[in-house]
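Below are the chains, spelled out letter by letter.
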Amino acid sequence: MRKSVLTQGGVDGALHQLGPGAEFTETRAESSRDRVLFASNGQVTVALGPTHYIVSAEEALHLPADTPASVRNATSAPAKVLIVTLPAPRVVTSSLVTLR
């Protein structure tokens, strides 16, 4: 189950509840910006390309932009994760310098 919990100032948050064996994969559009995944309870396995990470309760993982994540609950207990999408980087350009 996915529930939107925050949309403000370019920051979006979605709470995902995963029963045992449940999984989801982000779309390319969902992964176009940097995100942070925080496991509030349970444990999930996060695949970023060929690399897999185990994220346990009260741990976080940076999900880089343009890298869709697959999130799976491989345990026998429920898990809950919050994915916060960060604002797009702001580029300021002047005739003298470009700031990122």
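As a convention, each chain's residues are numbered from 1 in the sequence order in which they are written. Under the rules for a predicted model, residues below a pLDDT of 70 receive no local features and side-chain atom pairs below 80 are neither given nor counted, while totals for whole chains, interfaces and linings still include all residues. As a convention, hydrogens and water are excluded, and side-chain values are obtained from all of the structure's heavy atoms.

**Points about the pattern of salt bridges**
Note the cut-off: Note on definitions: salt bridges are taken to be side-chain nitrogens of Lys or Arg within 4 Å of carboxyl oxygens of Asp or Glu. Where helices and strands are cited, they refer to DSSP runs of H or I of at least four residues and of E of at least two residues respectively, numbered from the N terminus. For every residue, the accessible area obtained with a 1.4 Å probe (protein chains only) is divided by the maximum for its type, and the residue is called buried under 20%, exposed over 50%, and partly exposed between those limits.
Summed over the entire model, instances satisfying the criterion amount to two salt bridges. R33 is paired through a salt bridge with D12; the nearest N and O atoms lie 2.8 Å apart. Pair noted here: R33 is in the loop between β3 (23-25) and β4 (35-41) and D12 is in strand β2 (residues 11-18), with a separation of 21 residues, a long-range link. Owing to a relative accessible area of 27%, D12 belongs among the partly exposed residues under this scheme. Residue E26 pairs with R35 through a salt bridge whose shortest N-O separation is 2.6 Å. R35 carries the same exposure label as E26, and that label is buried.

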